[in-house]
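# Chains, contacts and geometry: an overview
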2 protein chains.
Amino acid sequence: MARSIATDLDEFDLKILRQVQVDNQTPQRVIAEKIGLSPPAVARRLQHLKDAGYIRNNIAVLNETAVGRPLTIIVHVATENERLDLLDAMKDRFNRCPQVQQCYYVTGEMDFILILNVRDMTEYNELTRTLFFEGGNVRSFRTCVSMENVKTYGPVPV
Amino acid sequence: MARSIATDLDEFDLKILRQVQVDNQTPQRVIAEKIGLSPPAVARRLQHLKDAGYIRNNIAVLNETAVGRPLTIIVHVATENERLDLLDAMKDRFNRCPQVQQCYYVTGEMDFILILNVRDMTEYNELTRTLFFEGGNVRSFRTCVSMENVKTYGPVPV
DNA sequence: CGTGAAAAATGTTTCGG
DNA sequence: CCGAAACATTTTTCACG
């Protein structure tokens, strides 16, 4: 979990980040001429941005619908007990579950917010059993079904 | 918004998807030998997967903390009125806001769930003004601050 | 730190099965 | 559709300003 404040990034770095965040397959040559730098300079900066942890990873974003997981479900989970080891066990459980695409530990009445990618309601029902009922330390959970994923994986403003 | 059921994907395609979803900079040669195919075959399949919409895009995932947006905030928004044009206006507003990383239109009491990347609470406070108070059609909203992003950008199970 | 050119690696096209 | 080989592009390296 890096913590540095974005302070050693100049305008060139920011422009590179803005670009690769939207499309990381743009040739460095193209980025270079767009921002007025040489291709090797872009390469060096990209390498640094990755090594220094500004770029966490490079991925292909799938169309969940096309790939057979058309249902996005958002679940709010309230815990029974806030003991650290129990919380860690829950985080582990959520982390390891392939259908859990995102998991946040949050302030407020609800302790976890999960975003799931599932095939259908049947799969979700089965998941609730293993994840919440049998999993332990779950006081209650509330289910929201996404009718429309208005925005997904938007770029971080830099 | 693609809709096809994942039916014309064979095991090779799935293996390719599993790989690029975690790292799309793996050389096609490496993918090829991993799954027992030739590099051109992998290239052709990747091209098809993109053209056919299975792969939505290829991006670099930034470390929001390192890049100066350390705060993840999840907001639940309830609408005043469910008229279609008003809802569309809201979607537009959320979509265009750079700090809104994700936006879901959901069933239940709360109509929108937003995930924001912001610099600090001051920025969030200002955002709430333009996004919720002045934006219109917002009955109420509830704010959750993420204390830990336990899992982000998890792969879709394929 | 940028440049330019050579070298290495990667990606693409062609074409015969 | 695949794979092997030719081909094109991109990335990396390096000597130099």
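Before reading on, note that the structure itself is shown above.
Summary of the structure given here. Quick caveat, the model's predicted, so the values are computed rather than measured. Starting from 1, residues in each chain are numbered consecutively following that chain's sequence as written. Think of it this way: whatever chain is written first is A, whatever ligand is written first is 1, and the rest follow in order. Local features are withheld for residues below a pLDDT of 70 in this predicted model, meaning they are given only at 70 or higher, and side-chain atom pairs are given and counted only at 80 or more; totals for whole chains, interfaces and linings count all residues. Values reported for side chains reflect all heavy atoms of the structure, with hydrogen atoms and water molecules removed beforehand.

The pairing criterion for strands is at least two bridges between them, as found by DSSP. The way it works is that DSSP assigns letters per residue, a run of H or I at least four long becomes a helix, a run of E at least two long becomes a strand, and they are numbered from the N terminus. Ordered by their spatial adjacency, eight strands build a closed barrel running β2(A)-β4(A)-β3(A)-β5(B)-β2(B)-β4(B)-β3(B)-β5(A), and the pairing between neighbours is antiparallel. Taken pair by pair, the neighbouring strands of this sheet meet at an average axis angle of 35°, ignoring direction. Pairing analysis gives seven bridges linking strand β2 (residues 71-79) of chain B to strand β4 (residues 112-118) of chain B, with the strands arranged antiparallel. Within β4 of chain B, the position partnered with I73 of chain B by the bridge is L116 of chain B. Residues count as neighbours in contact if any of their non-hydrogen atoms are within 4.5 Å of one another. Where helices are involved, their axes are fitted lines through C-alpha atoms of the stretch in contact, as for all axes, and angles between N-to-C directions lie from 0 to 180°. Packing of helix α5 (residues 121-133) of chain A onto the sheet brings it into contact with β2 (71-79), β3 (100-106), β4 (112-118) and β5 (138-151) of chain A, and relative to β5 of chain A it is tilted by some 145°.

Turning our eyes to something else, we now look at the relation of the copies chain B and chain A. To line up the copies, we fit them by least squares on C-alpha atoms, keeping just the residues with pLDDT of at least 70 in both. Placing chain B over chain A gives an RMSD of 0.1 Å and needs a rotation angle of 180°, together with 0.0 Å of translation along the axis. Expressed as a symmetry operation, the mapping of one chain copy onto the other fits a two-fold axis. When C-alpha positions in chain B are compared against the rotation axis, the closest is assigned to I59 of chain B, at 2.8 Å.

Looking now at the protein's contact with DNA strand C. Lining the immediate surroundings of DNA strand C are L37, S38, P40, A41 and R44 of chain A together with P27, Q28 and P40 of chain B. Near, as used in this document, describes a residue that has one of its heavy atoms within 4 Å of the molecule or strand being considered. A breakdown of the atoms of DNA strand C within 4 Å of the protein gives sugar and phosphate a share of 64%. Any pair of nitrogen or oxygen atoms within 3.5 Å is treated as a polar contact; in protein, a donor-acceptor pairing is required on top of that, and neighbouring residues in sequence qualify only through side-chain atoms on both sides. In this structure, a phosphate oxygen belonging to DNA strand C sits 3.2 Å away from a main-chain N or O atom of S38 of chain A. Contact distances for DNA strand C include 2.8 Å between a phosphate oxygen and a backbone N or O atom of Q28 of chain B.

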